[in-house]
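A closer look at the structure
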Amino acid sequence: MPLGGYANRIGHVDLTTGTVTYTPIDEEIALKYIGGRGYGAKLVFDNGPNVEPLSPENILVIMNGPLSGTPINMSGRLAVCTRSPLTGTITDSHMGGWTAARLKWAGFDGIVLRGRAEKPVYLYVENGQISIHDASDTWGKTTHETVAYYREKYGQDVSVMCIGPAGENLVRFASIMNEHDRAAGRGGVGAVMGYKRVKAIVIRGEQKRMYDFVPRGDDRYESARKRGLKAIMESAVTAPNKGGLSLYGTNVLMNATNTIGSLPAKNFQMTQWDQAEKLAGETIRETILVHEPTCHACPVHCKKEVEVKEGKYKVRVESFEYESAWALGTLCLNSDKESVAYLIYLCNIYGMDTIETGVLLAMAMEASERGLLKEQVAWGDADKQIELVERIAYRKDEIANLLAEGPARAAAALGDPQMAMCVKGQAIPAYDPRGQQGMGLSYATSNRGGCHLRGYVTSVELLGIPEKADPLATEGKAKWTKLFQDLHAVSDSLDLCKFSAFAEGIQEYLDQFNAVVGLNWTVEDLLRVGERIYNLERYYNNLCGFTGEHDTLPERLLTQPGSGPASDKVCELEKMLKEYYAERGWENGVVPEAKLKELAII
């Protein structure tokens, strides 16, 4: 009997020859890696580590999970997997909205892009077929212009995944955007798509197909789905119109992290800032919030659309997220919410990762202050930020061209690599490891570079989910980090929104997965898959030359105390790292052969 949940079809697009072929899901891969991130990582791994990220040999995998696009709550996610041009590691970046659902409804679990087109193209996806078309009319357009063009051509009910000028110009942190400003933002996946000269993927799928992938009328399925929904509806974080995430979006975290001294400011020179409240979710809700849209099958409505109605920053944009507001605001000492909203808008239309962009701008401000960057970029200068974002997207000049390489490369070229707040070449997000020790370990051991979503230890250090842990303590953080990394590898492969983990646990995931796919796995089986995925990614990175030497943090976080409650704290990484390697069974950051065999990776 075929596995439930899957469309059982992957489209393989050879851009060099202009041909498309189709294969069913490989059941062996599905049973070992599920789908989404796990299945995509396996395809990238099988393509080999000895490929240049910006080359025809690298592949770009767009992959759904078996729960994507089904009636299962918070299942509107897909994964984009490749070798990153920013870090050189394996990477995956996830997109919300309705794109994943429409891809499933169009009859696909995934699309694999190979080679490189001679000229700009776009793909049209419908009814199990993919066609390749000329995209010269949209090459050079912003993401918003591109979405509008293809929706005018094909109708308002299509999804459009596309790149902007940043992707076309191979900015190393370019993102892929969709029609609702949802981003596959991290790791430079948009640059890979730009290198392949794919401007957009237009997807038409009928919503009524949502029910084709689940066992309708099955008691086990209905019971599992309702239990998952009940957990979401009753959670203090996710409950619609009650929970913090629903009321204020991700930006509910701005005041919370600031209070405990884990809010990085002034390029991580401070861990608390007295102006942060001006950008916080509570302030945004009272001032410029105009709409609260959502994604497929999600009752939470965490997206916060804002509008600045007059002045030079006049704009309407979705969404005023915590990471974006922090990176472009707090980290750069810019407390003006209107200009921050405009900066988010610019990153969206040019197709640039807001986290990487903000960390880059903060690094440029520090470099300018120290005389290393021969251009005046003052702290909190919103207009200079706006100017630089546009210059970087188009690589307009020598400085912009340097900054378009990302903060790690730019800082090294300017003479001080330690100015770049990066791990493995990717910018660290909005939780300072001096105020949250476990997040420091999570950053350092992330398989895709600096990232809060590989293992969201903030859940225990700040939110108390599933239990509260002292954020300033190191004890027990190795176990929590491994658990969250494995758990998130599972949810990223199902593919469910990570915010579901604020309400649902591994048991809810398991019950819904078993019911939809038609299996009888245990919790241990599912977590074993998460562990296998994490080790496969680590093994790929090992083959690319990454070892324990790269599992570190910027020197500033290890030697300079923070501020506020973290004023006497540095991140005690080494203390946690040794314990973490023991938990993982790794040797100095390398997966030994015995572990690979134990997990059936080799």
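The rules behind the values
- All residue numbers refer to position in the chain's written sequence, counted from 1.
- At least 70 in pLDDT is required for a residue's local features to be given in this predicted model, at least 80 for side-chain atom pairs to be given and counted, and no such filter applies to totals for whole chains, interfaces and linings, which use all residues.
- Calculated side-chain values reflect all of the structure's heavy atoms, with hydrogen atoms and water omitted.
- DSSP-based pairing: two strands are paired if at least 2 bridges between them are found.
- The helix and strand labels rest on DSSP assignments: H or I over at least four residues marks a helix, E over at least two residues marks a strand, and numbering proceeds from the N terminus.
- Among buried residues, the Ala, Val, Leu, Ile, Met, Phe, Trp, Tyr and Cys ones that are joined through side-chain atoms within 4.5 Å form a nonpolar core.
- Summary of the burial criterion: residues with accessible area below 20% of their type's maximum are buried, those above 50% are exposed, and those between are partly exposed, where the area comes from a 1.4 Å probe applied to protein chains only.
- Note that the arc is computed from the directions linking the helix axis to the C-beta atoms.
- Residues are treated as being in contact if the distance between any of their heavy atoms lies within 4.5 Å.
- All domain edges in this entry derive from an automatic or database-based domain assignment.
- Put simply, buried area is the surface a 1.4 Å probe can reach on two separate parts but cannot reach once they are joined, added for both.
- Every case where a carboxyl oxygen of Asp or Glu lies within 4 Å of a side-chain nitrogen of Lys or Arg is listed as a salt bridge.
- As used in this structure description, the phrase polar contact means that two N or O atoms lie within 3.5 Å; if the pair is within protein, one of them must be able to donate a hydrogen and the other to accept it, and residues adjacent in sequence are counted only when both atoms belong to side chains.
- Lining residues are defined by having an atom within 4 Å of a point belonging to a cavity or pocket. Those points lie on a 1 Å grid over the protein atoms alone, cavities being sets where a 1.4 Å probe fits but cannot get out and pockets being open sets with protein on both sides within 12 Å along at least five of seven lines.
- Grid points are joined across faces, edges and corners, and a volume is the space filled by probe spheres set on the points.
- Nonpolar residues are Ala, Val, Leu, Ile, Met, Phe, Trp, Tyr, Cys and Pro. Charged residues are Asp, Glu, Lys and Arg, and all others, Gly as well, are polar.
- Here an axis means a line fitted to C-alpha atoms, over the contact stretch when the element is a helix, while the angle between two N-to-C directions is reported on a 0 to 180 degree scale.
- Should an angle fall under 35 degrees it is taken as roughly parallel, and over 145 as roughly antiparallel, whereas 65 to 115 is taken as roughly perpendicular and any remaining angle as oblique.
- Note on aromatic pairs: the rings of Phe, Tyr and Trp (six-membered ring only in Trp) are paired at centre separations within 6.5 Å, and the planes decide the class, stacked below 30 degrees, edge-to-face beyond 60, tilted for the rest.
- A ring is scored as having a charge over it whenever the NZ atom of a lysine or the CZ atom of an arginine sits within 6 Å of its centre and within 35 degrees of its normal.
- Multiplying 1.5 Å by the residue count of a helix minus one yields the expected span of that helix.

Observations concerning the pairing of strand 2 (residues 19–23)
Pairing geometry for strand 1 (residues 10–14) and strand 2, over five bridges, is antiparallel. Across the sheet, Asp14 pairs through a bridge with Thr19, a residue of strand 2. Connecting strand 1 to the antiparallel partner strand 2 that follows it, the hairpin turn spans four residues, and Gly18 within it adopts a positive phi of roughly 75 degrees.

Quick look at the nonpolar core
Among the nonpolar cores identified, the biggest contains 159 residues, and Phe320, Trp326 and Ile392 are the most heavily contacted of them. The biggest single contributor to this core is helix 13 (residues 354–369), with nine residues. Residues Phe108, Ile130, Ala184 and Val198 belong to the second largest nonpolar core, which totals 28 residues.

Observations concerning helix 16 (residues 407–414)
The complete set of buried residues in helix 16 reads Pro407, Ala410, Ala411 and Leu414. Considered in projection along helix 16, the buried side chains sweep an arc of 95 degrees and stay on one side of the axis. Against helix 13, helix 15 (398–403) and strand 16 (422–423) lie the buried residues of helix 16. Backbone geometry just downstream of helix 16 places Gly415 in the positive-phi region, at approximately 110 degrees.

Here we look at the domain arrangement of the protein
Here the protein is partitioned into domain 1 (10–213), domain 2 (240–423) and domain 3 (437–502 + 520–598). Between domain 2 and domain 3, the C-alpha centre-to-centre distance is 25 Å. Each side of the interface is counted separately: domain 2 has 23 residues, and domain 3 has 23 residues. For the pairing of domain 2 and domain 3, the buried interface totals around 1700 Å² over both sides, and the portion due to carbon and sulfur atoms is 66%. Of all residues in domain 2, the largest losses of buried area upon contact with domain 3 belong to Ile260, Gln418 and Val423, amounting jointly to 35% of the total for that side. Between domain 2 and domain 3 we count one salt bridge in total. With a closest N to O distance of 2.7 Å, Arg556 and Glu366 form a salt bridge. On the surface where domain 2 and domain 3 come into contact, there are seven residue pairs in polar contact (both at pLDDT 80 or more). Broken down by secondary-structure element, the contributors of at least two residues to the side of domain 2 that touches domain 3 are helix 9 (253–260), helix 13 and strand 16. At five residues, the largest contribution of residues to the side of domain 2 that touches domain 3 is made by helix 9.

Points about the side chain of His452
Within the secondary structure, His452 is located in the loop between helix 17 (437–444) and helix 18 (458–461). A distance of 3.2 Å separates the side chain of His452 from the side chain of Glu323, its partner in a polar contact. Not counting the four nearest positions on each side in its chain, His452 is found in contact with Glu323, Ile355, Pro429, Tyr431, Met439 and Tyr443.

Quick notes on empty space enclosed by the protein
Within this structure, the stated rule accounts for one cavity of 30 Å³ or more. Lining the largest cavity are Leu247, Tyr248, Asn251, Gly281, Ile284, Arg285, Leu289, Lys304 and Phe320. Secondary-structure elements contributing two or more residues to the lining of the largest cavity are helix 8 (244–248) and helix 10 (281–287). The dominant element in the lining of the largest cavity, judged by the number of residues it contributes, is helix 10, at three residues. When its residues are assigned to classes, the lining of the largest cavity shows five nonpolar, two polar and two charged.

Describing the pattern of salt bridges
If you walk through the whole model with that rule in mind, you get 51 salt bridges. Arg370 is the salt-bridge partner of Glu366, the closest N and O atoms lying 3.1 Å from each other. Taking relative accessible area as the criterion, Arg370 reaches 43% and is therefore assigned partly exposed. Between Glu461 and Lys477 there is a salt bridge; the shortest N-O distance is 2.6 Å. Pair noted here: Glu461 is in helix 18 and Lys477 is in helix 19 (residues 477–494), with a separation of 16 residues, a long-range link. According to the relative accessible area criterion, Glu461 is buried, its value standing at 1%. It is possible to trace a salt-bridge network through shared partners that takes in Arg37, Asp92, Arg454, Asp492, Lys498 and Glu537.

Here's the deal with the packing of helix 12 (residues 337–350) against helix 14 (residues 382–394)
Interhelical geometry of helix 12 versus helix 14 gives an angle of 0 degrees and a closest axis separation of 10 Å. Here helix 12 is positioned roughly parallel relative to helix 14, judged by the angle of their axes. Taking contact as the criterion, the partners of Ser339, Tyr342, Leu343, Leu346 and Tyr350 in helix 12 are, on helix 14, Ala382, Gln385, Ile386, Val389, Glu390, Ala393 and Tyr394.

Concerning the packing of aromatic side chains
One pass over the full model with this rule turns up 20 aromatic pairs. Measuring from centroid to centroid gives 5.1 Å for Tyr149 and Tyr150, while their planes differ by 85 degrees, and the two rings are edge-to-face. Aromatic pair Phe268 and Trp326: ring centres 6.0 Å apart, planes at 85 degrees, arrangement edge-to-face. Linking Phe268 in the loop between helix 9 and helix 10 with Trp326 in helix 11 (residues 322–328), this pair joins segments that are 58 residues apart in sequence. We classify Phe268 as buried; its relative accessible area is 0%. A connected cluster of aromatic rings, assembled from ring pairs, spans Tyr122, Tyr124, Tyr149, Tyr150 and Tyr154. Lying across the ring of Tyr22, Arg9 places its NZ or CZ 4.0 Å from the centre. One residue, Lys104, lies across the ring of Phe213, its end atom 5.2 Å from the ring centre.

Thoughts on helix 20 (residues 506–517)
For helix 20, which comprises twelve residues, the first-to-last C-alpha distance of 16 Å matches the rise-based estimate of 16 Å (1.5 Å per residue) to within 8%. The buried fraction of helix 20 is high, at ten of twelve residues. Turning to helix 20, its buried residues number three or more, namely Ile506, Tyr509, Leu510, Asp511, Gln512, Phe513, Asn514, Ala515, Val516 and Val517. If you follow the buried residues of helix 20, they end up packed against helix 7 (219–234), helix 19 and helix 21 (523–543). Immediately downstream of helix 20, the backbone of Gly518 shows phi near 90 degrees, a positive value.

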